[in-house]
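# Summary of structural features
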Amino acid sequence: MPVDARTLALQRPRSLKSALAMLSKDPALTPIAGCTDVFVGLHFGTLDQRRFIDLWGLDELRGIAAGGAGRAGKAGQGLRIGALTTYSEIIASPIIRKRVPMLVAAAREIGGAQIQNRGTLGGNIANASPAGDSLPVLAAADARIVLRSAGGERRVPFDEFYTGYRASVRQPDELITAIEIPPIAGRQWWRKVGTRRAQAISKIMFAGVNGPVVRMAIGSVAPTVVLARKAAAVLAGGGTVAAAQAALKDEIAPIDDVRSTGGYRLQVAANLLAEFWRDTK
Amino acid sequence: MIVTINGKKRRLDVPPMARLLDVLREDCGLTGTKEGCGEGECGACTVLVDGVAVDSCLVPAAHVDGCKVVTVEGAAAAKRSARALQNAFVEHGGAQCGICTPGMIVAACTLKAGCSRDEIKRALAGNLCRCTGYISIFNSVEAALPPARKGPPSRLALRRANARARRR
C-alpha cells in the first residue's frame with residue numbers, strides 16, 4: 001500500500017550547517033536527496049520512516065574537485081566528489097572520466113537517464129544496498145567517505161564503512177558530505193551482470209584495479225560489498241588464476257534470492273576474476 | 001509552493017512529500033503523464049524539471065518549488081520538436097497501446113539536433129515499451145530530429161581550410 005503523503009513530514013534546511021543542527025537535535029530524521037530509492041520504498045510500503053530531512057537543495061554537497069584545496073587527500077592529488085553528485089554529473093565529468101573511468105562505466109549502467117539525473121553517489125552509499133552499483137568501484141578505488149556532524153568531520157576508509165547488511169558506521173546525526181578517491185595506478189575494470197544489458201538490478205558486479213596494487217571488489221555476493229584481499233594477493237604474488245578463483249570462493253558468500261542463485265553468482269564471480277585479469281594484463 | 005507548469009505559474013497547496021506524478025494528475029488535471037510501474041523502472045511518467053528528464057513518480061513535490069515543469073501536454077504545445085515527434089510517431093507507427101508514448105516523447109525532447117541512433121537509444125533507455133515496439137519508436141524519433149545544424153566553422157577547420165588554400 002502506498003503511504004499517504006499527508007502523513008509524511010519534511011524538514012528543508014537551507015544550509016549544511018542548519019541540516020547538521022537539525023539532525024543533532026532530532027537524529028530520527030531520515031536524510032533524502034534524489035529520492036530514487038526512498039520513493040520506491042514509500043510507494044510499496046516497505047519503508048517505515050515518516051519524517052525526513054531534505055538535502056537536495058544543499059549546493060555545498062555538490063561539485064567535483066581535483067587536487068589542491070588541502071582536502072583532497074595526500075599531496076593534494078586525489079579527487080573529491082560531493083555527496084550530491086548525480087550519476088549524470090559523474091558521466092559528464094572530464095576529470096572523473098580521466099581518473100576513475102570505472103566509476104563512469106558503473107554510472108552509465110545505473111538506470112536510464114531519468115534515474116541518472118536524480119540518483120546521487122552519496123545516496124547510493126547511504127542506501128547501503130548489497131546491489132548498489134557504485135559500491136564495488138569505490139571499494140576497488142580505495143575511496144574514503146567524509147562524514148560530518150554538528151560536532152565535526154571524520155573520514156572512513158570505504159572498506160571499513162559497512163558493518164553488515166544495510167548497516168554502516170554512519171551515526172544518525174552524521175551526513176555523508178563527500179567521497180575522496182586517491183590517485184589510482186594501473187588499469188581499471190568494471191563489469192555488471194544483470195538479467196539484461198540495461199535497466200536491470202545487478203545479479204553481480206565486479207570492479208578491479210590491476211597496477212602496483214591489485215584490488216578487486218565484488219557486489220551482490222555478500223551482505224555488503226566484498227574487497228577480495230586474498231584473491232588479489234594471489235594474483236599480485238604471481239599465482240595462477242585458478243588459485244585466485246579458489247581463494248575468492250572462500251571470501252564471498254552469495255545467497256539465493258529473487259534475482260539469482262548463490263551457485264550462479266559463485267561461478268560468475270570466478271569467471272569475472274579471470275576476465276578481469278586477462279583484460280587488464 | 002509556486003511552480004511553473006507548461007509555462008503557466010501555479011500556486012499549489014500540496015504535501016511536500018507528495019509525488020510530482022500525483023500532483024500533476026490529481027491537483028493539476030494533467031493526465032497526459034502516465035503511471036506505469038511507480039518505481040522508476042519504466043519512464044512512462046517522465047517530465048522535464050528545469051529541462052532535465054526525471055521520473056515524476058520519484059520526485060517529491062517540494063523539489064519542484066520554484067522550478068519549471070514541462071509535461072507531455074506542455075511539450076506538445078510549446079516545443080516545435082515535440083510536435084514533430086508527435087507527427088513522426090503517427091507516421092512511423094511509434095505508438096501501439098500508447099501508455100509509454102508520453103514518456104517517450106518527453107524523454108526524446110532532451111535530444112539535440114543531429115543525434116546518432118546510439119544517442120537516441122541512450123536517451124530512451126529509461127523508457128520501457130511493453131508492446132516492445134522499440135524499432136518503430138527509434139525510427140520515429142530519428143525522423144523527427146532535425147539534422148545537425150551547421151554553425152560557423154571552428155578555428156581548427158578554418159586553419160585547415162587556409163592551409164589547403166595555401167598549398168594550392
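On to the nonpolar core, then. Looking at soluble globular proteins, one finds that nonpolar side chains tend to be buried together. Residues and elements named next belong to chain A. Judged by nonpolar contacts, the single largest core of 131 residues is most densely connected at A207, M216 and I218. When residues in this core are grouped by element, the largest group, 6 residues, is from helix α11 (residues 262–279). Ignoring any residue separated from it by four or fewer positions in sequence, one finds M216 in contact with A140, G208, A228, A231, A232, L273 and F276.

Quick look at the pairing of strand β3 (residues 51–54) of chain A now. Residues and elements named next belong to chain A. Examined bridge by bridge, strand β1 (residues 9–11) and β3 share 3 bridges and lie parallel to one another. Pairing of A9 across the sheet is with R51, part of β3. Taking the sense of rotation as the criterion, the β-α-β connection linking strand β2 (residues 30–32), helix α2 (residues 38–43) and β3 turns out right-handed.

Looking at the assigned domains, one finds that chain A contains domain 1 (5–54), domain 2 (59–181) and domain 3 (187–279). Centre-to-centre, using C-alpha coordinates, domain 1 of chain A lies 34 Å away from domain 3 of chain A.

What follows concerns the sheet that holds strand β4 (residues 52–55) of chain B. All names here are of chain B. Spatially, 5 strands are ordered β2-β1-β5-β3-β4 in an open sheet, and the strand pairing comes out mixed. Looking at the sheet topology across the chains shown, the edges are occupied by β2 (8–11) and β4. Adjacent strand axes in the sheet meet at a mean angle of 35° when their direction is disregarded. Pairing of strand β1 (residues 2–5) with strand β5 (residues 68–70), which is carried by 2 bridges, proceeds in the parallel orientation. Bridging across to β5, T4 finds its partner in K68. In the packing of helix α4 (residues 101–108) onto the sheet, the strands contacted are β3 (46–49) and β4, and the crossing angle to β3 comes to about 30°.

Taken residue by residue, the interface counts 26 residues in chain B and 22 residues in chain A. By residue number, the principal contributor to the side of chain B that touches chain A is β4 of chain B, which donates 4 residues. Among the residues making up the side of chain B that touches chain A, the classes are represented as 15 nonpolar, 7 polar and 4 charged.

With that settled, the discussion passes to the packing of helix α10 (residues 241–251) of chain A against α11 of chain A. Residues and elements named next belong to chain A. Where α10 contacts α11, the two axes come as close as 10 Å, and the packing angle between them is 140°. With respect to each other, α10 and α11 are oriented oblique. As α10 runs across α11, the sense of the crossing is right-handed. In this structure, α10 contributes V241, A244, Q245, L248 and K249 to the contact, and α11 contributes L266, A269, A270, L273, A274 and W277. Taken together, the residues that form the contact of α10 with α11 break down as 9 nonpolar, 1 polar and 1 charged.

A few words on unusual backbone geometry. Residue and element names in this part refer to chain A. Here the phi dihedral of C35 falls at roughly 65°; this positive angle occurs in a residue that is not glycine. Along the chain, C35 turns up in the loop between β2 and α2. Looking at C35, the number of C-beta atoms within 10 Å reads 29, which means it is buried. Of note, the phi angle at D142 is positive, near 60°, even though the residue is not glycine. Counting through the fold element by element, D142 comes out in the loop between α8 (134–140) and β6 (144–149).

With 92% of its residues at a pLDDT of 70 or more, chain B has an overall mean of 91. Scored by ipTM, the complex comes to 0.92, with pTM at 0.92.

Another aspect to go through is the domain arrangement of chain B. All names here are of chain B. Entries for chain B in the domain assignment read domain 1 (2–74) and domain 2 (77–144). A C-alpha centroid distance of 20 Å is found between domain 1 and domain 2. If you look at the interface, domain 1 gives 18 residues, while domain 2 gives 14 residues. Secondary structure elements with two or more residues in the side of domain 1 that touches domain 2: β3 and α2 (72–78). Partitioning the side of domain 1 that touches domain 2 into residue classes produces 7 nonpolar, 8 polar and 3 charged.

Another point: the sheet that holds strand β11 (residues 187–194) of chain A. Residue and element names in this part refer to chain A. Reading across the sheet, the 4 strands line up as β11-β12-β13-β14 and stay open at both edges, with antiparallel pairing between neighbours. Both edges of this open sheet fall to β11 and β14 (226–227), since each of them pairs with a single strand only. Where β11 lies against strand β12 (residues 202–210), 8 bridges are found, and the strand directions are antiparallel. Residue V193 lies in a different strand from β12, and its bridge partner there is I204. Set on the sheet, helix α5 (residues 101–108) makes contact with β11 and β12; between it and β11 the angle comes to about 15°.

Rules behind the numbers
Residues numbered from 1 in each chain as written. Chains lettered and ligands numbered in written order. Predicted model: local features only at pLDDT ≥ 70, side-chain atom pairs only at ≥ 80, totals over all residues. Core = buried A, V, L, I, M, F, W, Y, C linked by C-beta atoms within 7 Å. Buried ≥ 20, exposed ≤ 12 C-beta atoms within 10 Å, placed from the backbone. Helix = DSSP H or I, 4+ residues; strand = E, 2+ residues; numbered from the N terminus. Contact = placed C-beta atoms within 7 Å. Pairing = 2+ DSSP bridges. Right-handed = clockwise from strand over helix to strand, strands pointing away. Domains from an automatic or database assignment. Axes fitted to C-alpha atoms, helices over the stretch in contact; angles between N-to-C directions. Nonpolar A, V, L, I, M, F, W, Y, C, P; charged D, E, K, R; others polar. Parallel < 35°, antiparallel > 145°, perpendicular 65-115°, else oblique. Left-handed = near helix turned anticlockwise from the far one by under 90°. pLDDT = per-residue confidence, 0-100.

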